[in-house]
Amino acid sequence: MPSPHPCPIDSRGPRPPAADRPTLLLTGGSGVLGRALIDELSEDYDLICLRRNRPLGDPRVRELSGDLVAPRLGLSPLTWHELALEVDVVLHSAAATNWRIPPEEIVRTNTVGTENMIDLAARADAPLYLVSTAFVVNTPTEEDHRRFPGAAAYLASKATAERLMRESDLPGAIVRPSVVMGDSVTGRIAGEQGLTRTIGSMVLGQVPVLPGAPDAKVDMVPQDYVTRAIADLIRGGVGSGEYWLTAGKESIELREIADVCGEFAVRNGLPEPHRPRLIPVEAVHRLLLPMLEGTALPGKMRQRFQHYAELLLCFQTELPFDTSLGESFGEFHCGTRLTHADIRAALVRNLESWAEGRPGLLRKHRARPVPPMPTEVAS
């Protein structure tokens, strides 16, 4: 495991901005973190957002149409040169996170994209802040690559991106968030992701089995805590280091997540859902995964088990992470440290936001009896 403690602040730091508001190039502006990063940084920086297809439509940013993996980002030589002259800071948040696309496409996006941003930052004489993941500590096995090629490619590509950043010797930092939740106040997040789908299904009683022991901890952090920490590092001119944006020892247990989802269902007039049967990791690998490769289970249930097992590969670790949140490094801080109560409250806010967008679905489930618990599948 890489050292969880940040390196000393690089004395080089970023070059002083030529104007009161420096220019920051952001990739991944439409992603889970991207919208929240725009909210956090737009008051202090002129933001340029690189995007390929979908326009952001945000008046606070200038949009630059390009291709993350193309030479010179798909820009003309003149535009590439002018961009390098203008940019003061590069924040690389874009990544391929859809595990259903071909693994080679995931690797190409996450590695070649990083190489291109390193090239631009070097030409611009600008610091580069790379958004990685805390789960780079999980090294996929050959069996993982066979069973879960998308998730394994994602983890391997993020580890490679970090190596490229370290070898570049650029000023800047690597930040490693764990599972990103919705905002701690509103619960909202840009785009539904694995956590949102899972907790929503648990509220509806559609998750009969989850991989992990009852006391297994799931490290997750609200998006506003993550973006505030990243912004603190950038504003503070932190020039090196690897920062863990995690809950650490305050992480919530898997059985607590099930309890919160069950309590939320009852408060909102839904049938009390069956708590998922929690299967220890060794039983997942010994019994559940081989069973998935058979044909005895219905297709939807098999697909759901496969999804949860894939999340297990990426998002569970045996030991709690260290965390950089709330730490001081010289004159600078790295966001705010989370408490256990903060995470539990944020989970409720996430559920409220999920429910607000699905009034019809909740009405339908209020009138539906709870289905019987499925027969034993593993023990």
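The written sequence of each chain sets the order in which its residues are numbered from 1. In keeping with the model being predicted, local features are shown solely for residues with a pLDDT of at least 70 and side-chain atom pairs are shown and tallied solely at 80 or more, while totals for entire chains, interfaces and linings include all residues. In computing side-chain values, all of the structure's heavy atoms are included and hydrogens and water are not.

Colleague: Could you clarify how one ought to interpret the pairing of strand S5 (residues 128-131) in this entry?
Modeller: Every regular strand shows the same layout, with side chains that alternate between the two sheet faces. Because side chains alternate across S5, one face comprises the buried residues Leu-128 and Leu-130, and the other comprises Tyr-129 and Val-131, equally buried. As defined by bridge partners, strand S4 (residues 89-92) adjoins S5 across 3 bridges and the pair is classed as parallel. Note that in S5 the partner of Leu-91 across the bridge is Tyr-129. Crossover handedness is defined here as right-handed if the route from the first strand over the helix to the second strand goes clockwise, with the strands pointing away from the viewer. Counting from the N terminus, the helices are the DSSP runs of H or I reaching at least four residues and the strands are the DSSP runs of E reaching at least two. As a crossover connection, the stretch from S4 through helix H3 (residues 103-124) into S5 is right-handed. Two elements, S5 and strand S6 (residues 172-177), share 4 bridges in a ladder whose sense is parallel. Counted as the bridge partner of Val-131 is Val-175 from S6. Between buried and exposed lies partly exposed: a residue is buried under 20% and exposed over 50% of the maximum accessible area for its type, with that area taken using a 1.4 Å probe on protein chains only. Should DSSP find at least two bridges between two strands, the strands are regarded as paired.

Colleague: Whenever I open this one, the nonpolar core confuses me. Can you help?
Modeller: As a rule of thumb, nonpolar side chains are buried together in soluble globular proteins. Residue types Ala, Val, Leu, Ile, Met, Phe, Trp, Tyr and Cys, when buried and joined through side-chain atoms within 4.5 Å, form a set referred to as a nonpolar core. Counting 76 residues, the largest nonpolar core has Leu-24, Leu-91, Met-220, Ile-230, Tyr-243, Leu-245 and Ile-257 as its most contacted members. When residues no more than four places from it in sequence are discounted, the contact partners of Ile-230 are Leu-37, Leu-91, Val-131, Val-175 and Leu-245. Membership of the second largest hydrophobic core comes to 26 residues, among which are Ala-84, Leu-120, Ala-161 and Met-165. Any two residues whose heavy atoms approach within 4.5 Å are treated as being in contact.

Colleague: It is not clear to me how the packing of aromatic side chains should be interpreted in this structure. Could you clarify?
Modeller: Given two aromatic rings, one states the distance between the centres and the angle between the planes to describe the pair. Two aromatic rings, drawn from Phe, Tyr or Trp (for Trp, its six-membered ring), form a pair once their centres lie within 6.5 Å of each other, and the interplanar angle then sorts them: stacked below 30 degrees, edge-to-face above 60, tilted otherwise. Tallied over the entire structure, the rule returns 4 aromatic pairs. Ring centres 5.5 Å apart and planes at 75° place the aromatic pair Phe-135 and Phe-321 in the edge-to-face group. Of this pair, Phe-135 sits in the loop between S5 and helix H4 (142-147) while Phe-321 sits in the loop between helix H10 (299-315) and strand S14 (328-329); the two residues are 186 residues apart in sequence, bridging distant segments of the chain. Through a chain of ring-to-ring contacts, the aromatic side chains of Phe-135, Trp-244 and Phe-321 assemble into a single cluster.

Colleague: Help me understand the environment of Pro-149, please; the structure alone is not making it clear to me.
Modeller: Along the chain, Pro-149 falls in helix H5 (residues 149-168). Spatially, the C-alpha atom of Pro-149 lies 9.5 Å from that of Glu-104, the residues being 45 residues apart in sequence. Excluding residues within four positions of it along the chain, Pro-149 makes contact with Pro-103 and Asp-144.

Colleague: So what exactly am I meant to see when it comes to the sheet that holds strand S1 (residues 23-27) here?
Modeller: Two pairing modes exist for strands in a sheet, parallel and antiparallel, and in both the strands are linked by backbone hydrogen bonds. Sheet architecture is open: 7 strands sit in the order S3-S2-S1-S4-S5-S6-S11, paired in parallel fashion. At either margin of the open sheet sits one strand with a lone partner, and together these are strand S3 (61-65) and strand S11 (242-245). On average, each strand axis in the sheet is tilted by 20° relative to the strand beside it, whichever way the strands run. Angles run from 0 to 180 degrees between N-to-C directions of axes, and those axes are lines fitted to C-alpha atoms, restricted for helices to the stretch in contact. Along the sheet, H3 makes contact with S1, S4 and S5, crossing S4 at roughly 175°. Contacts from helix H7 (residues 223-235) reach S1, S4, S5, S6 and S11 within the one sheet, and its direction differs from that of S11 by about 155°.

Colleague: How do you make sense of H5 when you look at a structure like this?
Modeller: Helical geometry: 3.6 residues make up each α-helical turn, so side chains three or four residues apart lie on a common side. Here H5 is 20 residues long and its end C-alpha atoms lie 28 Å apart, about the 28 Å a rise of 1.5 Å per residue gives. Residues Gly-150, Ala-151, Ala-152, Ala-153, Tyr-154, Leu-155, Ser-157, Lys-158, Ala-161, Glu-162, Leu-164 and Met-165 constitute the buried set of H5. Where H5 ends, the next residue or the one after it, Asp-169, has phi of about 60°, a positive value. Here, expected helix span is obtained from the residue count minus one, scaled by 1.5 Å.

Colleague: Got a minute to help me understand the packing of helix H11 (residues 340-356) against helix H12 (residues 359-366) in this structure?
Modeller: Contact geometry of H11 with H12 gives a least axis separation of 7 Å together with a crossing angle of 95°. In terms of orientation, H11 lies roughly perpendicular with respect to H12. Contact with H11, carried on its side by Trp-354, Ala-355 and Glu-356, involves Pro-359, Leu-361 and Leu-362 of H12 and no other residues of that element. Just so you know the grouping, Ala, Val, Leu, Ile, Met, Phe, Trp, Tyr, Cys and Pro go in nonpolar, Asp, Glu, Lys and Arg go in charged, and all remaining residues, Gly too, go in polar. When grouped by side-chain class, the residues that make up the contact of H11 with H12 number 5 nonpolar, no polar and 1 charged. Here the word oblique covers every angle except those under 35 degrees (roughly parallel), over 145 (roughly antiparallel) and from 65 to 115 (roughly perpendicular).

Colleague: Is there a simple way to explain the side chain of Glu-253 in this structure?
Modeller: Looking at where Glu-253 falls in the secondary structure, it is placed in strand S12 (residues 252-253). In this structure Glu-253 comes out as buried when scored by relative accessible area, which is 18%. Here Arg-255 takes part through its side chain, which lies 3.0 Å from a polar atom of the side chain of Glu-253. If near-sequence neighbours (up to four positions away) are discounted, Glu-253 is found in contact with Pro-214, Asp-215, Ala-216 and Lys-217. Polar contacts, as counted here, are pairs of nitrogen or oxygen atoms within 3.5 Å of one another; within protein the pair requires one atom able to donate a hydrogen and one able to accept it, and residues that are adjacent in sequence qualify only if both atoms are side-chain atoms.

Colleague: What exactly am I supposed to notice about the packing of helix H6 (residues 194-203) against H11 here?
Modeller: Each pair of packed helices can be described by the angle between their axes along with the distance between the axes. Orientation of H6 relative to H11, taken along the N-to-C sense of each, is 80°, at an axis distance of 10 Å. As judged from the angle between their axes, H6 and H11 are roughly perpendicular. When H6 is examined against H11, the residues Thr-196, Ile-199, Gly-200 and Val-203 are found in contact with a partner set consisting of Leu-347, Asn-350, Leu-351 and Trp-354. Residue composition of the contact of H6 with H11, grouped by class: 5 nonpolar, 3 polar and no charged.

Colleague: Help me understand the environment of Val-238, please; the structure alone is not making it clear to me.
Modeller: On the secondary structure map, Val-238 appears in the loop between H7 and S11. Taking the relative accessible area as the measure of exposure, Val-238 reaches 0% and is therefore buried. Taking the C-alpha atoms as reference points, Val-238 and Phe-329, separated by 91 residues in sequence, lie 8.8 Å from one another.

Colleague: I tried to follow the pattern of salt bridges on my own but got confused; where do I start?
Modeller: Working definition: two side chains of opposite charge can pair if their charged atoms are close together. For this document, the term salt bridge refers to a Lys or Arg side-chain nitrogen within 4 Å of an Asp or Glu carboxyl oxygen. Taken as a whole and judged by the stated rule, the model has 22 salt bridges. In this structure, Asp-46 and Arg-21 form a salt bridge, with 3.1 Å as the shortest nitrogen-oxygen distance. With Asp-46 in strand S2 (residues 46-51) and Arg-21 in the segment before S1, this residue pair connects regions lying 25 residues apart in the sequence. Exposure remark for Arg-21: the relative accessible area of 31% places this residue in the partly exposed category. The salt bridge partner of Arg-52 is Asp-67, with a shortest N-O separation of 3.9 Å. Separated by 15 residues along the polypeptide, Arg-52 in the loop between S2 and S3 and Asp-67 in the loop between S3 and helix H2 (77-86) bring together distant segments of the chain. By relative accessible area, which is 56% here, Arg-52 ends up exposed. Members of the salt-bridge network, linked through shared partners, are Glu-40, Asp-44, Asp-232 and Arg-235.

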